[in-house]
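Tertiary structure, described
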Amino acid sequence: MARHIDILEHPQTAIEVAAATLAEGLPIGLPTETVYGLAADATNPAAITRIYETKGRPRFNPLICHMSDLAMAERYAIFDPISRKLAEAFWPGPLTLVLPLRPDSGIHPLATAGLDTVGIRVPQGFAGDLIRAFDRPLAAPSANTSGKISATSADHVDDDLGERITLILDAGASVVGVESTIVKVEDGEMRLLRPGGLAASEIERVAGKALKRKKKASAAIEAPGMMASHYAPGAAVRLDATEVSENETLIRFGKPDIVGSENAIAVLDLSASGDLSEAAANLFDFMKRADATGAATIAFSHIPDEGLGEAINDRLRRAAAPRE
Ligand code: TXA
Ligand code: MG
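As the structure is a prediction and not an experimental result, all values here were calculated from the model.

1. Regarding the overall build of the protein
Within the protein, the regular secondary structure consists of ten helices and 15 strands. Computed over C-alpha atoms, the radius of gyration of the protein comes to 19 Å, within 12% of the 20 Å expected from 2.2 N^0.38 for 324 residues, which places it in the range of a compact globule. Burial statistics for the protein: of 324 residues in total, 56% are counted as buried. Across the protein, 33 positive and 44 negative side-chain charges occur, with their mean positions spaced 6 Å apart.

2. A few points about the environment of leucine 38
Its location among the elements puts leucine 38 in strand E3 (residues 37-41). Through-space distance from the C-alpha of leucine 38 to that of arginine 191 is 26 Å; in sequence the pair is 153 residues apart. Contact partners of leucine 38, with chain neighbours within four places excluded, come to Pro27, Ile28, Ile51, Thr54, Lys55, Ala139, Ala140, Pro141, Ser142, Ala143, Leu161 and Ile165.

3. Observations concerning helix H6 (residues 126-134)
Residues of H6 that are buried include every one of Phe126, Ala127, Gly128, Leu130, Ile131 and Phe134, and no others. Looking at the residues trailing H6, positive phi occurs at aspartate 135, about 60°.

4. Topic: the domain arrangement of the protein
Examined at the domain level, the protein breaks down into domain 1 (3-213) and domain 2 (236-320). Relative placement of domain 1 and domain 2: their C-alpha centres are 27 Å apart. Taken together, the contact pairs 21 residues of domain 1 with 14 residues of domain 2. In this structure, the salt-bridge partner of arginine 315 is glutamate 179, at a minimum N-O distance of 3.0 Å. Joining domain 1 to domain 2, the criterion identifies five residue pairs in polar contact (both at pLDDT 80 or more). When grouped by side-chain class, the residues that make up the side of domain 1 that touches domain 2 number eleven nonpolar, seven polar and three charged.

5. Notes on the packing of helix H1 (residues 11-23) against H6
Between H1 and H6, the least distance of the axes is 10 Å, while the angle of their chain directions is 55°. The orientation of H1 relative to H6 falls into the category oblique. With respect to the hand of their crossing, H1 and H6 are arranged in right-handed fashion. Taking contact as the criterion, the partners of Pro11, Ala14, Ile15, Ala18, Ala19, Leu22 and Ala23 in H1 are, on H6, Phe126, Asp129, Leu130, Ala133 and Phe134. Its residues assigned to classes, the contact of H1 with H6 comprises eleven nonpolar, no polar and one charged.

6. Description of the nonpolar core
Note that soluble globular proteins tend to have their nonpolar side chains buried in a common cluster. Among the nonpolar cores identified, the biggest contains 69 residues, and Leu86, Trp91, Leu169 and Val183 are the most heavily contacted of them. Setting aside residues up to four positions removed in sequence, tryptophan 91 forms contacts with Leu70, Ala73, Phe79, Leu86, Leu97, Ile120, Arg121 and Val122. With 28 residues, the next largest nonpolar core counts Leu276, Ala290, Ile303 and Ile312 among its residues.

7. Things to note about helix H2 (residues 45-55)
Along H2, the positions that sit buried rather than exposed are Ala47, Ile48, Thr49, Ile51, Tyr52, Thr54 and Lys55. Among the structural elements, E3, helix H5 (109-112), strand E7 (138-139) and helix H7 (154-161) are those in contact with the buried residues of H2. Where H2 begins, the capping side chain belongs to asparagine 44, and its oxygen is found 2.9 Å from the backbone nitrogen of alanine 46. Glycine 56 sits one or two residues past H2 and shows a positive phi near 65°.

8. Considering the sheet that holds strand E15 (residues 297-300)
Ordered in space as E12-E15-E13-E14, the four strands form an open sheet in which the pairing is parallel. The open sheet terminates on both sides in strands that have one partner only, identified here as strand E12 (236-238) and strand E14 (267-271). For this sheet the average axis-to-axis angle between neighbouring strands, irrespective of direction, equals 20°. Sheet topology places strand E13 (residues 248-253) next to E14; four bridges connect them, and they run parallel. When the bridges of E14 are listed, isoleucine 251 appears paired with leucine 268. Set on the sheet, helix H9 (residues 276-292) makes contact with E13, E14 and E15; between it and E14 the angle comes to about 155°.

9. Some details on unusual backbone geometry
Cis geometry is found at the peptide bond from tryptophan 91 to proline 92, where omega equals -5°. The residue proline 92 is located in the loop between helix H4 (81-90) and strand E5 (95-100) in this model. At aspartate 104, a residue that is not glycine, the phi angle is positive and equals roughly 60°. By secondary structure assignment, the location of aspartate 104 is in the loop between E5 and H5. Classification of aspartate 104 as exposed rests on a relative accessible area of 82%.

10. Quick look at the environment of alanine 295
Note that alanine 295 resides in the loop between H9 and E15. Relative accessible area serves as the criterion here: at 6%, alanine 295 is assigned to the buried category. When the C-alpha atoms of alanine 295 and asparagine 247 are compared, they prove to be 5.3 Å apart, with 48 residues separating the residues in sequence. Leave out the neighbours within four places in its chain, and alanine 295 touches Ala235, Asn247, Glu248, Thr249, Ile265 and Ala290.

11. Notes on the packing of H9 against helix H10 (residues 309-320)
Running from amino to carboxyl end, H9 crosses H10 at an angle of 20°, the nearest separation of the two axes being 9 Å. Judged on the interaxial angle alone, H10 and H9 are roughly parallel. Both H9 and H10 take part in a crossing whose hand is left-handed. Contacts between H9 and H10 involve Leu276, Ala279, Ala280, Leu283, Phe284 and Met287 from the first element and Gly309, Ile312, Arg315, Leu316 and Ala319 from the second.

Definitions and limits used
- Residues numbered from 1 in each chain as written.
- Chains lettered and ligands numbered in written order.
- Predicted model: local features only at pLDDT ≥ 70, side-chain atom pairs only at ≥ 80, totals over all residues.
- Heavy atoms only, no water.
- Helix = DSSP H or I, 4+ residues; strand = E, 2+ residues; numbered from the N terminus.
- Rg over C-alpha atoms; globule rule 2.2 N^0.38 Å.
- Buried < 20%, exposed > 50% of the residue type's maximum accessible area, 1.4 Å probe, protein only.
- Lys, Arg positive; Asp, Glu negative; His and termini not counted.
- Charge placed at Lys NZ, Arg CZ, Asp CG, Glu CD.
- Contact = heavy atoms within 4.5 Å.
- Domains from an automatic or database assignment.
- Salt bridge = Lys/Arg side-chain N within 4 Å of Asp/Glu carboxyl O.
- Polar contact = N/O pair within 3.5 Å; in protein donor to acceptor, adjacent residues only side chain to side chain.
- Nonpolar A, V, L, I, M, F, W, Y, C, P; charged D, E, K, R; others polar.
- Axes fitted to C-alpha atoms, helices over the stretch in contact; angles between N-to-C directions.
- Parallel < 35°, antiparallel > 145°, perpendicular 65-115°, else oblique.
- Left-handed = near helix turned anticlockwise from the far one by under 90°.
- Core = buried A, V, L, I, M, F, W, Y, C linked by side-chain atoms within 4.5 Å.
- Pairing = 2+ DSSP bridges.

Right, here's the structure in full:
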């Protein structure tokens, strides 16, 4: 069973116990502003192997390496001017930059799946403090079994991985609620590898140029290992619902007109006021709650594709994709 430490009540104990656990090469449940991570020392191959094993994650899917600040990140990766500008504007925060790895950076190839690039993020709050104290990058995918819904609370981590890890740090619900936005700059062009908790329009505003996207309809692999079917609850998922069928739980955004909603097993409101940030923060928790109602299908009303809606719809398309 995993030990829980509340980081607000016991910040110093949390840092000390976490640093000692990481030094032993063991992964920990780590709160970040986006989602909870399963974090381990990115320079230690045994520790990284434990991340892949704990999640059942394919090893060709590289991990994001978390740093305490831009200065630390510059020790491990090479920044072009656009990437540096984005880092200065948005770190700490929900932005991951894919950058060329410095030779002899010390980040183990297991963390980058042998690529010559590395995904780097500087998380807000406690996670950044812990990395500063530990003084090594932390590789951290989301703290969930591969293919399942990401964890946005310590209890989610415990339900999914509690039997397989020894320590979970508890900071309450993740404020952003969806994973970081991943951007790669190549030949002066910005590519959106994954929409996430930082709206694309914010990035475009700061960079003064457009993000290149993959074609809308494809849920194909963008970042390596971004499977079409992902974020899968037990129930089937149906999008853009305008009516409720038998055996369905309804998740609404705003105040949509849905025929037969009185017949739903349960009705959950992601954001009654139509606020996309609130909807993102509730998304994964509500998917788990809807799943727990025993419905055969979770029906979502339409969610606009602007701002954080782009990340929400990306996750929902993957949740609704045919499963293997
Ligand atoms: O918000 C987040 O990003 C969370 C928290 C814990 O920081 N982490 C997260 O990690 O979502 P994960 O492993 O679930 O997703 C990482 C994504 C994967 O799709 C992976 O393929 C991509 O980042 N990625 C990592 N390194 C990459 C690289 N060098 N090139 C391209 N994609 C990369
Ligand atoms: Mg994940």
